[in-house]
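Per-entry structural report
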Amino acid sequence: MDADVKASARRRRARLRAVEQASLIRWWLFDTMGWCCANCGTIANVELDHPHGRNWEPRNCDCVTRAKRYLRDWADGNLRILCRTCNAKDGGRRGGFKRPKQVARALAPQVAMEDGR
Ligand SMILES: [Zn+2]
């Protein structure tokens, strides 16, 4: 029983450290990119956006993995800050968020045919 309590406390501390690490990375990204919408310049309701889409699903990642992927995407030049309004418009313009993976899958039969010539 005592060991269970200790293990649970350890897990809680690890979780807190993870959340702290993830938020540090996010703060660093917002600090580096300037805290304002790349499109209209507002500082209200800003969020991170992938101008070229992303090939991973944030919902499937824990907070640290997600933050590290944002960091990697930023280094690859595929991350910017948009306000919620501009981000919604941007998503609409592209017809929803097409993930590179889905695009690749859609093109795959064509590529296979070309290879078969
Ligand atoms: Zn905006």
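Everything numeric in this text was worked out from a predicted model, so none of it was measured.

**Considering the overall build of the protein**
Looking only at helices and strands, the protein features four helices and two strands. When the helices and strands of the protein are placed in sequence order, the string is α-β-α-β-α-α. Per-residue burial for the protein yields a buried fraction of 10% across its 117 residues. For the protein, contacts bridging at least 24 residues in sequence account for 79% of all contacts bridging at least 6.

**Topic: the environment of Met 33**
Mapped onto the secondary structure, Met 33 falls in helix H1 (residues 2–33). Met 33 has contacts with Arg 80 and Ile 81, leaving out every residue within four places of it along the chain.

**Overview of H1**
For an α-helix the count is 3.6 residues per turn, leaving residues at separations of three or four pointing the same way. Compared with the 46 Å implied by 1.5 Å per residue over 32 residues, the 47 Å span of H1 between its first and last C-alpha is a close match. Across the 32 residues that make up H1, only a small minority, zero, are buried. Gly 34 sits one or two positions beyond H1 and adopts a positive phi of about 100°.

**Remarks on the packing of H1 against helix H2 (residues 63–75)**
Their axes nearest at 8 Å, the elements H1 and H2 cross at an angle of 20°. As the angle between them shows, H1 and H2 are arranged roughly parallel. You can see that H1 and H2 cross each other, and the crossing is left-handed. Contacts between H1 and H2 involve Ala 18, Val 19, Gln 21, Ala 22, Ile 25, Arg 26 and Leu 29 from the former and Cys 63, Val 64, Arg 66, Ala 67, Lys 68, Tyr 70, Leu 71 and Trp 74 from the latter. Its residues assigned to classes, the contact of H1 with H2 comprises 11 nonpolar, one polar and three charged.

**A look at the nonpolar core**
Listed in full, the six residues of the largest apolar core are Cys 37, Val 46, Ile 81, Leu 82, Cys 83 and Cys 86. The element that contributes the greatest number of residues to this core is strand E2 (residues 80–83), accounting for three residues. Setting aside chain neighbours within four positions, we find Ile 81 in contact with Phe 30, Met 33, Gly 34, Cys 36, Cys 37, Ala 38, Val 46, Leu 48 and Asp 49.

**What about the confidence of the model for the protein?**
Summarising the model, the protein shows a mean pLDDT of 83, and 76% of its residues fall at 70 or more. Mean pLDDT across the secondary structure elements of the protein bottoms out at helix H4 (residues 100–116), with 49, and peaks at E2, with 96. The low-confidence segment residues 92–100, where pLDDT is below 50, has 10 contacts with residues more than four positions distant or belonging to other chains. Counting interchain partners and residues more than four positions distant, the pLDDT-below-50 stretch residues 109–117 has zero contacts.

**Topic: H2**
In a regular helix each residue adds 1.5 Å, so 13 residues correspond to 18 Å; H2 covers 18 Å between its end C-alpha atoms and thus fits that length. Those residues of H2 that are buried are in contact with H1 and strand E1 (46–49).

**As for unusual backbone geometry**
Residues other than glycine seldom take positive phi values, yet Trp 35 does so here, at roughly 60°. Phi is positive for Asn 45, close to 50°, though the residue is something other than glycine. Looking at the secondary structure, you find Asn 45 in the loop between H1 and E1.

Calculation notes
Position labels on residues start from 1 in each chain and follow its written sequence. At least 70 in pLDDT is required for a residue's local features to be given in this predicted model, at least 80 for side-chain atom pairs to be given and counted, and no such filter applies to totals for whole chains, interfaces and linings, which use all residues. Strands here are runs of E lasting at least two residues and helices are runs of H or I lasting at least four, both read from the DSSP assignment and numbered beginning at the N terminus. Once C-beta atoms are placed from the backbone, each residue is buried if 20 or more other C-beta atoms lie within 10 Å of its own, exposed if 12 or fewer, and partly exposed for counts between those two. We call two residues in contact when their backbone-placed C-beta atoms lie within 7 Å. Helix span is expected to be 1.5 Å times the residue number reduced by one. Comment: axis = line fitted to C-alpha atoms, over the contacting stretch for helices; angle = value between 0 and 180 degrees taken between N-to-C directions. Under this scheme an angle from 65 to 115 degrees is roughly perpendicular, one under 35 degrees roughly parallel, and one over 145 degrees roughly antiparallel; angles in between are oblique. Crossings are assigned a handedness: left-handed for a near helix turned anticlockwise from the far helix by less than a right angle, right-handed for a clockwise turn. Here the term charged refers only to Asp, Glu, Lys and Arg, the term nonpolar to Ala, Val, Leu, Ile, Met, Phe, Trp, Tyr, Cys and Pro, and the term polar to all other amino acids, Gly among them. The term nonpolar core refers to a set of buried Ala, Val, Leu, Ile, Met, Phe, Trp, Tyr and Cys residues connected through C-beta atoms within 7 Å. In predicted models, pLDDT denotes the confidence assigned by the predictor to each residue on a 0 to 100 scale.

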